Amino acid sequence: MGHLITVATSLNQWALDFEGNYQRILRSIIIAKQKGAALRVGPELEITSGYGCFDHFLEGDTVLHSWQVLARLLAAEEIMGIMCDVGMPITHKNVIYNCRVIIYNGQILLIRPKMWLANDGNYRELRYFTPWTKHRQWEDHFLPRMITDVTDQEKVPFGDAVVSTLDTCVGVELCEELFTPASPHISMGLDGVEIFTNSSGSHHELRKLHTRIDLIKEATLKLGGVYLYANQQGCDGDRLYYDGCAMIALNGQIIAQGSQFSLNDVEVVSATVDIQEVRSHRSRNSRSQQAASTERYHRVEVPMALSNDKLDSGFCIPLSRTDQVRIHQPEEEIALGPACWLWDYLRRSRTQGYFVPLSGGIDSCATSVIVYSMCRLVAEAASRADKQVIEDARRIVGEPGDSSYIPSDPREFCGRIFHTCYMGTENSSAETRRRAKLLADAIGSYHVDLNMDTVVASVRQLFTFVTGFRPSFRANGGSNTENLALQNIQARLRMVLAYLFAQLLLWVRGREGGLLVLGSANVDESLRGYLTKYDCSSADINPIGGISKTDLKKFIAWARDHFDLPILDGFLTAVPTAELEPITEAYVQADEADMGMTYDELSIFGRLRKIEKLGPYSMFTRLLRSEWAKTLSPSQIAEKVKLFFFEYARNRHKMTTLTPSYHAESYSPDDNRFDLRPFLYPSRFPFQFRQIDAEVDHLPDMPNAAPEKAKVD
């Protein structure tokens, strides 16, 4: 048996960009052939761009254009001599399926529909597609005339089958099918399939990659085999960032791994393996006993070999061996993932830059540092002469077509595309103004510093003129109602000013175009509702909206050292504050005091609510058996739980207008895609809270010195 070169790809596809998607698929095939590959695998639904089409999958045009792209691929000379696994939606007997199309030398060998669909979290596949439930069965699929004109085929096999070559057997597994308890690769492997392809549309989430790697390794550890994992990479038009990391595994070991975060539109990962290693791995008697009784798959036979057993070709190529698996620390993930997402959004929206109200606090600081990280990635790509990045950068900054501009300096490029503004009032401190200015200088952003007291005073005066009443801050004798209203005036006016400056600052600088406004509300503040509706949390997009305050602080500490930004020390030590109330000798506004809970507690509440799926009563009982019980009495834990659910419920309506945010955290409260809940709650939860109170009445009201261990963070 000769050596086999296999390829898995990561493509930065874009929803409904059929021409661009075609070009990227074709380029990946060309690169694969240049590497000497015999088999190329692409990401899920790559012709349409992963899951990002959403309800467009229900449109006949989407399926039609997918066939048109496939026809172009089948007719292209570049695809000859290599087996390709390509993804697209297909209507079979008036039912829409998420499919893989296996092609070779201008012919369709097999259409394999997805059998287990992702239908939780960010995914709603059952809204568009139907699973293929006829396991190990296939039917004839009659091809559109445009395909018949190219292939001279009228019908092809459609269903749960495998492809048999002269030297091995290839089976298909799609994305979610790897994550199911009874994954198809098990039965396929027992029936003699030696190479498994997995075309995925898997999004980035902090601390998630190791799960994916473990599943891929486990898939071939006991079973034996070659596993090719391809994934979408980039922002395809929504809140998710697909984090690539194409991989090839052999007998439970990762032998090739692509980048998780990249500005590359096409990335091809290859490995050279000897199928004989799979057969040796499978020689155990117990495996053979199970294989001998396994129900067979229909084999689509193709008269070609994936390997080459000639001594002058295959055997001179070194075999791929185990690489060190690369997993980024969460701080690095925050630096890279949202930065790549911002770059895709900026270049594909065809706007000219970003604008952020820079308050001097850690949240807007984190947003700004992520933009600076994006500029660093652009400069790194430009230094490698990445033509696409250089072309996009020139267009964004308004360079003429014949320009020789290279964005090689991240601070210089940041100064062209990133605009920051400190919007101070009489309640702002000199320290936050200073921090904002120093950070802008350090990263190179175009910075504006203004006082908006006259605007705030005008709105306040208008209210007094109309009603005859003049509201006052609590510090000046006003009620809580007046105090909150006056804070919200400032917050909402900042949003209005942000959009004004975003539209006109480029005009001020003698350039055309506009800027996208970035938000800076973190996931914990959104969960608690600690933000003003339609304030600066309202923006075009938000790179930190799915990241916790705790992780953001760790990221800022990481960026201070790795980006050489010592100014970030001041942000790390500052007490988080909205600066919306007057500062007095006896009072300085602080976020955690306002919220009645710490950011660390919010993260715990968020994980228990969303990930562990706990309501008020179950959360209380879980925390009673956690580390909290060492320092808090049952009644104190009960009050914290009740306060969280009360504030969460009464502020839930704010999530309906939440700025589209980069999804990074598994307990995100995003109401539009991820966390589907009502926004009108019985916020005092009378029945649930009574159950908690009844439990408290039967418990000693003191901390437990030795509580039962339970993990809550």
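Residues numbered from 1 in each chain as written. Predicted model: local features only at pLDDT ≥ 70, side-chain atom pairs only at ≥ 80, totals over all residues. Heavy atoms only, no water.

Caption draft 1: Broad picture of the side chain of Arg24. Secondary-structure assignment places Arg24 in helix H1 (residues 18-34). At a separation of 2.7 Å, a polar atom in the side chain of Arg24 contacts the side chain of Gln13. Sequence-distant contacts of Arg24, defined by excluding residues within four places in its chain, comprise Leu11, Asn12, Gln13, Trp14, Asp17, Asp265, Val266 and Arg348. (Helix = DSSP H or I, 4+ residues; strand = E, 2+ residues; numbered from the N terminus. Polar contact = N/O pair within 3.5 Å; in protein donor to acceptor, adjacent residues only side chain to side chain. Contact = heavy atoms within 4.5 Å.)

Caption draft 2: Main features of the packing of helix H22 (residues 616-624) against helix H23 (residues 634-650). It is at 10 Å that the axes of H22 and H23 come closest, and there the two elements cross at 145°. As H22 packs across H23, the resulting crossing turns out to be right-handed. Taken together, the residues of H23 that come into contact with H22 (itself represented by Pro616, Met619, Phe620, Leu623 and Leu624) are Pro634, Ile637, Ala638, Val641, Phe644 and Phe645. When its residues are assigned to classes, the contact of H22 with H23 shows 11 nonpolar, no polar and no charged. (Axes fitted to C-alpha atoms, helices over the stretch in contact; angles between N-to-C directions. Left-handed = near helix turned anticlockwise from the far one by under 90°. Nonpolar A, V, L, I, M, F, W, Y, C, P; charged D, E, K, R; others polar.)

Caption draft 3: Representation of the layout of surface pockets in the model. The volume enclosed by the second largest pocket comes to roughly 1100 Å³. Lining the second largest pocket are 34 residues, and of these Gly121, Glu205, Ile611, Ser666 and Phe674 sit closest to its centre. When contributions to the lining of the second largest pocket are tallied by element, the ones reaching two or more residues are helix H5 (176-179), helix H7 (209-221) and helix H21 (599-610). It is H21 that provides the largest number of residues to the lining of the second largest pocket, a total of four residues. Of the residues contributing to the lining of the second largest pocket, the split by class is 10 nonpolar, nine polar and 15 charged. (1 Å grid on protein atoms, 1.4 Å probe; cavity = no way out; pocket = protein on both sides within 12 Å on 5 of 7 lines; lining within 4 Å. Points joined across faces, edges and corners; volume = space filled by probe spheres on them.)

Caption draft 4: Inspection of the environment of Arg24 at higher detail. Assessed through its relative accessible area of 8%, Arg24 is described here as buried. Between the C-alpha atoms of Arg24 and Ile47, which are 23 residues apart in sequence, the distance is 9.5 Å. (Buried < 20%, exposed > 50% of the residue type's maximum accessible area, 1.4 Å probe, protein only.)

Caption draft 5: Quick peek at empty space enclosed by the protein. Throughout the structure, instances matching the rule amount to five cavities of 30 Å³ or more. By volume, the largest cavity amounts to about 80 Å³. Around the largest cavity, the lining residues are Asn122, Arg239, Gly545, Gly546, Leu658, Thr659, Ser661, Tyr662, His663, Ser668, Asp670 and Phe674. For the lining of the largest cavity, the class distribution of residues is three nonpolar, seven polar and two charged.

Caption draft 6: Layout of the sheet that holds strand S20 (residues 516-517). Reading across the sheet, the four strands line up as S19-S18-S17-S20 and stay open at both edges, with parallel pairing between neighbours. Whereas interior strands pair on both sides, the edge strands pair on one side only; in this sheet they are strand S19 (446-451) and S20. As paired strands, strand S17 (residues 354-357) and S20 are joined by two bridges and run parallel to one another. What sits directly across from Tyr354, in S20, is Leu516. Packed onto the sheet, helix H13 (residues 410-417) meets S17, strand S18 (418-424) and S19 and runs at close to 65° relative to S18. (Pairing = 2+ DSSP bridges.)

Caption draft 7: Representation of H23. The terminal C-alpha atoms of H23 lie 24 Å apart, and with 17 residues this matches the ideal 24 Å at 1.5 Å per residue to within 8%. Within the sequence span of H23, burial applies to Pro634, Ile637, Ala638, Val641, Lys642, Phe644, Phe645, Phe646, Glu647, Tyr648 and Ala649. Where H23 is buried, its residues contact helix H17 (523-528), H21, H22 and helix H24 (686-697). (Expected span 1.5 Å × (residues − 1).)

Caption draft 8: Fine view of unusual backbone geometry. For Ser49, which is not a glycine, the phi torsion comes out positive at approximately 95°. Looking at the element boundaries, Ser49 is found in the loop between strand S2 (39-41) and helix H2 (60-75). Judged by its relative accessible area of 0%, Ser49 falls in the buried class. For Asn105, which is not glycine, the phi torsion reads 50° and is therefore positive. By the element assignment, Asn105 lies in the loop between strand S4 (95-104) and strand S5 (107-113).

Caption draft 9: The arrangement of the packing of aromatic side chains in detail. All told, the structure shown has 24 aromatic pairs when counted by the stated rule. Measuring from ring centre to ring centre gives 6.2 Å for Tyr128 and Phe129, while their planes differ by 80°; the resulting arrangement is edge-to-face. One exposure class covers both Tyr128 and Phe129, and it is buried. Ring plane angle 80° and centroid distance 5.5 Å describe the contact between Trp341 and Tyr662, whose orientation is recorded as edge-to-face. With Trp341 in helix H10 (residues 330-349) and Tyr662 in the loop between H23 and H24, the pair connects residues that are 321 residues apart, well separated along the chain. Taken together, Phe605, Trp628, Phe644, Phe645, Tyr648, Tyr681, Phe685 and Phe689 form an aromatic cluster joined through their ring pairs. One cation-aromatic arrangement involves Arg435 over Phe571; the distance from NZ or CZ to the ring centre is 5.5 Å. Across the ring face of Phe54, the terminal group of Arg673 is positioned such that the distance to the ring centre comes to 4.7 Å. (Phe/Tyr/Trp six-rings, centres within 6.5 Å; stacked < 30°, edge-to-face > 60°. Lys NZ or Arg CZ within 6 Å of the ring centre and 35° of its normal.)

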